[in-house]
Structures are given as C-alpha cells and as structure tokens.
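For reference, the chains in residue letters:
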Amino acid sequence: YQWPSPQYDALEDFLYEGARPDGSSMAQLVSPCKLRAGTNTTVAAEWVRLVYHDSATHNVSDGTGGLDGSIFFELGRDENIGSGMNNTLSDFSQYPSKYISRADIIAIGTVWAVATCSGPVIPLRGGRLDANVAGPFGVPNASDPLDSLTNNFAKQGYNVSEMIQLVACGHTLGGVRYPDFPTVVSADSNPSDVVVALFDDTQTFDHNIITQYLAGTTQDPLIVRNQSMASDRLVFGADGNVTMNAMSSADSFAQTCTTIFDKMLSTVPSSVTLTDPIELLPVKVSGVQLTIDTAHQQLQLQASVRLVLSSNNTSVKMYWCDRYGSAANCAGNLQRLASPGGSTTVSSPTSLAMGVTLKKYQFVVPVNSSQSVSKFWFEVDYGNGTTTTEDNGGAGYVVDQDQVLWVPSLSRGKNVLTGAQGVFVTAAVKTGSAPSKVYISCFGRATTNYLPANFTYDLSLNSTLPAMAGYDFYSGEATDDFGATMIFDLVGVAGNGTQWVDGDRFSGLIGIALPAQSTVNSTTQGTSAGGSKGASAAVRGEARWAVALGAVGLLWTVAYL
Ligand code: HEM
C-alpha cells in the first residue's frame, strides 16, 4: 500500500471508521446490535437477509448475477417481501460513492452486522460492480421441497454442506414475521404490529441456532411451525446432521460462518474481480486539501492522520517542506511543523470487534503562498517509548500541485442560485495561469433513482470574489442529482494543454467545521519528533485581513442567498 490509493483508501476508511468523510455514520444505524424500532428483531438481521437475497440470483455456470446491488430494483417481488428489506435499502441509500459501490455497501453492512452482534470479523473485499437494473428471480422459498432447495443452492455455487452452513449462519439472526408470512407467524392482538418469531433464543450471532436444533429444543419457526413451510428442517437435516454437528461449538460456528460468508460476499458476476481483503492500515492519511483560508487570506493545508493507539500519551506532529523559495524541498534542512488542531476517536463494528482504538488527528495549518507546500509527513510519539517517522514509505505525502485548488468555504451544498438540488463549487486558480478552461467532473451514486450520475460543468471567473493570496476565484454549479456523496475532480487546463487536477474532492465536506488553525514553527534540526525547537516563524494572517474578508464574504453571501 502506498498513499494515495483511492479505492483502497475509501473502502478502508469506511470499513474501520464506520462513516463517510463528512461524519455521517452508517455504522451507528446497526451498532451496537440495535433492535429495529417497532420490532423485536435487529437491524443486523435485516441487513443480512438483504445481502443473501441479492447474492442468491447468482448462476455459477454462466457467471451471471450475484452480489451486484440489483436488489435495489427488486424489492417489489414476492420473494423479497417485508419491511425489513425496505428499511435496509433506505439505511444503505446514502452511502454508495465513487469508490464504494452499492454492492460493496451491502457487503460492508453484512460484515458490520455480524461483528456488532458478537459474531466473527468477516473479511471484506471490495470492487463489486453495480447492476443498474433488476436481475433474475430465484431466491429460495420456505415452501420449496429439499431437491429444489439443493438445486437452487447448487446453481448459486454451494454444495449441500455449504447450503446448510450458509442457512444456519444466516438464521442465527432474526426470525420470521407477521405480516410477511402469516401462515407461519400469526398476528398479535393488534394486527398492524410486526411480530417476529425468532429463529433462536438470542439476538446475537451465535451457535445457539445449531445447539438448540441438535438438542431438539429449537424454536425456529421454519422448523416447528407450518410443516409446509419448513425449509430449515429440510436444509439442516439434508446430510443427516453431519454439517450441523461439525459446526456446533462456538469456535467451529464462528470459523465456518467466516468462510461461508466470505464466499457469499464474493459471489459476484464472473466479470468482476474483487480486491484482497481490506486490512486496517496502522497509519492512515486522509482529508488532504490545499485550499484558501478566506478568513486569513492565505493558503491553508488540511490533512488528517489516523493512528492505532497503544497508549493515551500518543502525540503527533506534521512536518512539511516548502515548494518555492530558498527552502524549497527542505533545502538547508528547513522543515516546517505544526501540532494537530483537534482529534477524534473513530470506530466501526469491525474495528471495535478487533479491539483497536483509532484516533484521527486533524491538522489545519496556514501556509505562505510564496512558500507553499511540496510534501509533508508525520512524527509520531506513541507514548510507550516508540517514536516513528510516518512518511509514506519514504516518498512523503506529496502535494502534487497548487495551481488549481478547491475552496470548500466558498462552495455551497444545495444550489443557492436556483434552489434546485446541486452543488455550487468555487475554485482558486493561481493568478496569471490564464487557464483556457476550468471545470469539474462530478460523480455520484447516492442518487434518488440509485443510478450513477457522471457529468462535467464549466467554472468561470467569479468577479464578485476578489483575488487573494495570489489566486483568482472561479465558480460554477453541478446542477444534476448526484446525491449526498458527490465526488468531483477539479480540473484547470493551461493554454498549452497542461492539466492541473485537484482530484477526488468530496462535496459533503462543504459546511463541515474544521478544528482551529495550528501555529506553524520551523526547524533545521532533522526529522525526529523531538526536533521542534527551531525558531518560531508564525505565518498567521493578520486580523485586518480577516475583517476585510468578513465583509467580502458577507457581500457574497447576500448576493447569492
Ligand atoms: C433455504 C433458503 C432460505 C429460505 C427458504 C429462507 C427463508 C426465510 C424466511 C421465510 C424468512 C422470514 C422473512 C420475513 O418474515 O420477512 C427469513 C428471514 C431471514 N433470513 Fe432466510 N431463508 C433462507 C436462507 C437464508 C440465508 C442463506 C441467509 C443468510 C446467509 C438468510 C438470512 C435471513 C435472516 C437474517 C432473516 C431474518 C430477517 C429479520 O429478522 O428481519 N436466509 N428467511
């Protein structure tokens, strides 16, 4: 792994932090093993049923179907009956993004559902491709005879033993509902209530589904109730209980379910190649943005670094080299440094189940335009005697250009010009660079119709925003529906065709508060974390700039709101 690696970065952040970059948490919908409001079943159970119904359409012989997000277009079918499915779809709808497909979101949801209900940590591979239309029918039915169930699972790629494993691991969560299956579960005194007859007597992802079956004490409604709807009885006994016995201990259950769920999540159309499992990075850099701090009329570098804490005394400093001037690329060993402006602890069901503590340190540092930034890195003191330099494997975290920069603070979510959905984007373009074109290329998947949207829009010189810090401002708007997770490349094209790209900007960061700006120091004393003794060279903007800009900002806001 080397930063930046956009798909890995996005999947890793989401899997281990539980939330989008703007903080909106999908993990909180399911964790800690939450009950679904108005029912006695868990959100986790609803999510796990949905993933199976998406993947069950796989045809192993022609390589079609599988976990491809087609379920989003299939909820009207009888085989996908139930409010649990609609709840899940709405839970997932705001999280697919450029690098995390709808189908990957369904897979991540499954991994979290299992982990948050005390189950094992299932490996998560990424890279599923989304179907944008409904796929074939074919989810097994509780009234099917055994040979048809066996054939159906064989079509999906599972032998008899795997069929038993998959159903037992799925049916450790949740249960059967009235009103979905009224011939299995009857209404209570209020017929508008959802009544769930649980498969076993716990809500956790445990082996009780097996032990109670083997002991003859099972309450599984697909065994003990309507005998013409008794698929679990047929499935569990399909090989004379050999498989059920083999997975009857807590450990063998967890291991078997890990393997068979990994297989289910990897059941994808044959045209798809999945990534290796997404491992936790011990040091993770994200949120890198060179921009204009309009309040202080100067450049500003934003970046976060996430660490696995081994002690509460961890501290971290960011170092960087100038891009221009006498100390360019750290000439004379001149390095600038700053402490973080804030930090937050982040977690997901996966990182919680792994028992790691993750802390994200956020840096917001003023940068002099005549110096700018070429690359940065971190010095970490883990507070346990270990001090490390985190420099992206020696390359440093390179800021590849400062010619064209997104300015979130001068951008607006939801179009302020027309009142329609959309995003108003402002870019800073270096004065004198005379671009022949400035545009944004936008991508979104969390759209109203679930279909990916991919369009470009031109930006033009914004004469209401005076130049500052050596940059002019260009603005334009993305007027289509991209949903809550629009990601765009901001591109400036020079007269000679050279392109400057501020890539993969997340529009959801508009309006998100930043921590305080750090004070910048400089040093010529090497890169050890203790080397912050150099002469202080504060480059904060002066107060009068802030006042002047406040007035400009106000005018601008009045003009456009
Ligand atoms: C023979 C194949 C299967 C049949 C016939 C079957 C049938 C059913 C039925 C009838 C329900 C009740 C749904 C409702 O009342 O809305 C249900 C629930 C559920 N199924 Fe299956 N299922 C099968 C395989 C699987 C598999 C392989 C998984 C996952 C790996 C799974 C996961 C679940 C879960 C988690 C629930 C509970 C949902 C909740 O409580 O909201 N099922 N299943």
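Quick note: structure is the one above.
Let us look at the structure shown here.

Criteria and thresholds
Residues numbered from 1 in each chain as written. Predicted model: local features only at pLDDT ≥ 70, side-chain atom pairs only at ≥ 80, totals over all residues. Heavy atoms only, no water. Disulfide = S-S within 2.5 Å. Helix = DSSP H or I, 4+ residues; strand = E, 2+ residues; numbered from the N terminus. Buried < 20%, exposed > 50% of the residue type's maximum accessible area, 1.4 Å probe, protein only. Near = heavy atom within 4 Å. Polar contact = N/O pair within 3.5 Å; in protein donor to acceptor, adjacent residues only side chain to side chain. 1 Å grid on protein atoms, 1.4 Å probe; cavity = no way out; pocket = protein on both sides within 12 Å on 5 of 7 lines; lining within 4 Å. Sits in = over half its atoms within 2 Å of the grid points. Nonpolar A, V, L, I, M, F, W, Y, C, P; charged D, E, K, R; others polar. Points joined across faces, edges and corners; volume = space filled by probe spheres on them. Expected span 1.5 Å × (residues − 1). Salt bridge = Lys/Arg side-chain N within 4 Å of Asp/Glu carboxyl O. Pairing = 2+ DSSP bridges. Axes fitted to C-alpha atoms, helices over the stretch in contact; angles between N-to-C directions. Contact = heavy atoms within 4.5 Å. Phe/Tyr/Trp six-rings, centres within 6.5 Å; stacked < 30°, edge-to-face > 60°. Lys NZ or Arg CZ within 6 Å of the ring centre and 35° of its normal. Core = buried A, V, L, I, M, F, W, Y, C linked by side-chain atoms within 4.5 Å.

**Looking at the state of the cysteines**
At step 1: Counted under the stated rule, the structure contains three disulfides.
At step 2: Shown here is the disulfide that connects Cys33 with Cys117, its sulfur atoms set 2.0 Å apart. Between Cys33 and Cys117 the sulfur-sulfur dihedral comes to about 100 degrees; the bridge is accordingly right-handed. Residue Cys33 is located in the loop between α2 (27–30) and α3 (43–55), and its partner Cys117 is located in the loop between α5 (102–116) and α6 (146–156); the two are separated by 84 residues in the primary sequence.
At step 3: Covalent S-S linkage joins Cys321 and Cys330, the inter-sulfur distance amounting to 2.0 Å. Measuring the twist about the S-S bond at about -105 degrees, one finds the Cys321-Cys330 disulfide to be left-handed.
At step 4: Along the chain, the cysteines engaged in disulfide bonds are linked according to the scheme 1-2, 3-4, 5-6 when indexed in sequence order.

**Details of unusual backbone geometry**
At step 1: Geometrically, the link from Trp3 to Pro4 is a cis peptide bond, its omega value of -5 degrees lying close to zero.
At step 2: Even without being a glycine, Asn329 presents a positive backbone phi close to 55 degrees.
At step 3: Tracing the backbone shows Asn329 in the loop between β5 (315–321) and β6 (335–338).
At step 4: By relative accessible area, which is 56% here, Asn329 ends up exposed.
At step 5: The phi dihedral of Ala434 falls on the positive side, at around 40 degrees, and the residue is not glycine.
At step 6: Summarising the element assignment, Ala434 is placed in the loop between β14 (423–430) and β15 (437–444).

**Comments concerning the site of the ligand**
At step 1: Of all residues adjacent to the ligand, which total 26 residues, the nearest are Thr41, His171, Gly175, Arg177 and Asp180.
At step 2: Interatomic distance of 2.5 Å between a side-chain N/O atom of Asp180 and an oxygen atom of the ligand.
At step 3: Here the ligand occupies the second largest pocket.
At step 4: Put simply, the parts of the chain that give the shell around the ligand at least two residues each are α3, α6, α7 (160–170), β1 (175–178) and α12 (250–265).
At step 5: Counting residues per element, the shell around the ligand draws most heavily on α3, which supplies five residues.
At step 6: Grouping the constituent residues of the shell around the ligand by class yields 15 nonpolar, seven polar and four charged.

**A few points about the layout of surface pockets**
At step 1: Taken as a whole, the second largest pocket encloses approximately 880 Å³ of empty space.
At step 2: In this structure, the second largest pocket is lined by 36 residues; those nearest its centre are Arg49, His53, His171, Phe199 and Leu222.
At step 3: At the level of elements, α3, α4 (83–92), α6, α7, β1, α10 (231–236) and α12 are the ones that each hand at least two residues to the lining of the second largest pocket.
At step 4: When residues of the lining of the second largest pocket are assigned to their parent elements, the largest contribution, six residues, is made by α3.
At step 5: Taken together, the residues of the lining of the second largest pocket sort by class into 20 nonpolar, nine polar and seven charged.

**Brief notes about α3**
At step 1: For α3, spanning 13 residues, the distance from its first C-alpha to its last is 19 Å, which sits close to the expected 18 Å at 1.5 Å a residue.
At step 2: The buried fraction of α3 is high, at 12 of 13 residues.

**Notes on the pattern of salt bridges**
At step 1: Enumeration over the complete set of coordinates arrives at 21 salt bridges.
At step 2: As a salt-bridge pair, Asp104 and Arg128 come within 2.6 Å of each other at their nearest N and O atoms. Highlighted residues: Asp104 in helix α5 and Arg128 in the loop between α5 and α6, separated in sequence by 24 residues. No difference in accessibility class separates Asp104 from Arg128, as the two residues are buried.
At step 3: Between Lys437 and Asp458 there is a salt bridge, with the nearest N and O atoms lying 2.9 Å from each other. One end of the pair, Lys437, is in strand β15; the other, Asp458, is in strand β16 (residues 453–461), with 21 residues separating them in the sequence.
At step 4: Each member of the salt-bridge network shares a partner with another, and the members are Glu12, Asp13, Glu17, Lys284, Arg306 and Lys360.

**As for the sheet that holds strand β3 (residues 283–293)**
At step 1: Spatially, the four strands line up as an open sheet ordered β3-β4-β8-β7, and their pairing is antiparallel. Both edges of this open sheet fall to β3 and β7 (342–346), since each of them pairs with a single strand only. Adjacent strand axes in the sheet meet at a mean angle of 20 degrees, parallel and antiparallel pairs treated alike.
At step 2: Each of β3, β4 (298–308), β7 and β8 (358–367) touches helix α1 (residues 6–17); the most contacted strand, β3, lies at about 110 degrees to it.

**Let's talk about the side chain of Lys430**
At step 1: Looking at the secondary structure, you find Lys430 in strand β14.
At step 2: Once you skip the residues sitting within four places of it in the chain, Lys430 turns out to touch Tyr324, Asp402, Gln403, Gly470 and Tyr471.

**Quick notes on the packing of aromatic side chains**
At step 1: The tally for this structure, following the rule as stated, stands at 21 aromatic pairs.
At step 2: Members of the aromatic cluster, each reached through a chain of ring pairs, are Trp3, Phe363, Phe376, Phe378 and Tyr397.
At step 3: Lying over the aromatic face of Phe137, Arg77 brings its terminal NZ or CZ to 3.7 Å of the ring centre.
At step 4: A cation over an aromatic ring shows up here: Arg102 above the ring of Phe72, its NZ or CZ 5.4 Å from the ring centre.

**Remarks on the pairing of β15**
At step 1: Within β15, six of the eight residues are buried, leaving the element largely enclosed by the surrounding structure.
At step 2: When β15 meets strand β18 (residues 487–493), the two strands line up antiparallel, connected through seven bridges. In the sheet register, Ile440 faces β18, and the bridge partner there is Leu490.
At step 3: Sheet topology places β15 next to β16; seven bridges connect them, and they run antiparallel. The partner of Cys442 across the bridge, within β16, is Phe455.

**A word on the nonpolar core**
Grouped burial of nonpolar side chains is what soluble globular proteins tend to show.
At step 1: Trp112, Phe205, Phe236 and Phe261 are the most contacted members of the largest nonpolar core, which totals 80 residues.
At step 2: If we ignore the near neighbours within four places in the chain, the residues touching Trp112 are Phe14, Leu15, Gly18, Met26, Ala27, Val30, Trp47, Ser348, Pro349 and Thr350.
At step 3: Phe363, Leu410, Ala428 and Met468 belong to the second largest nonpolar core, which has 36 residues in total.

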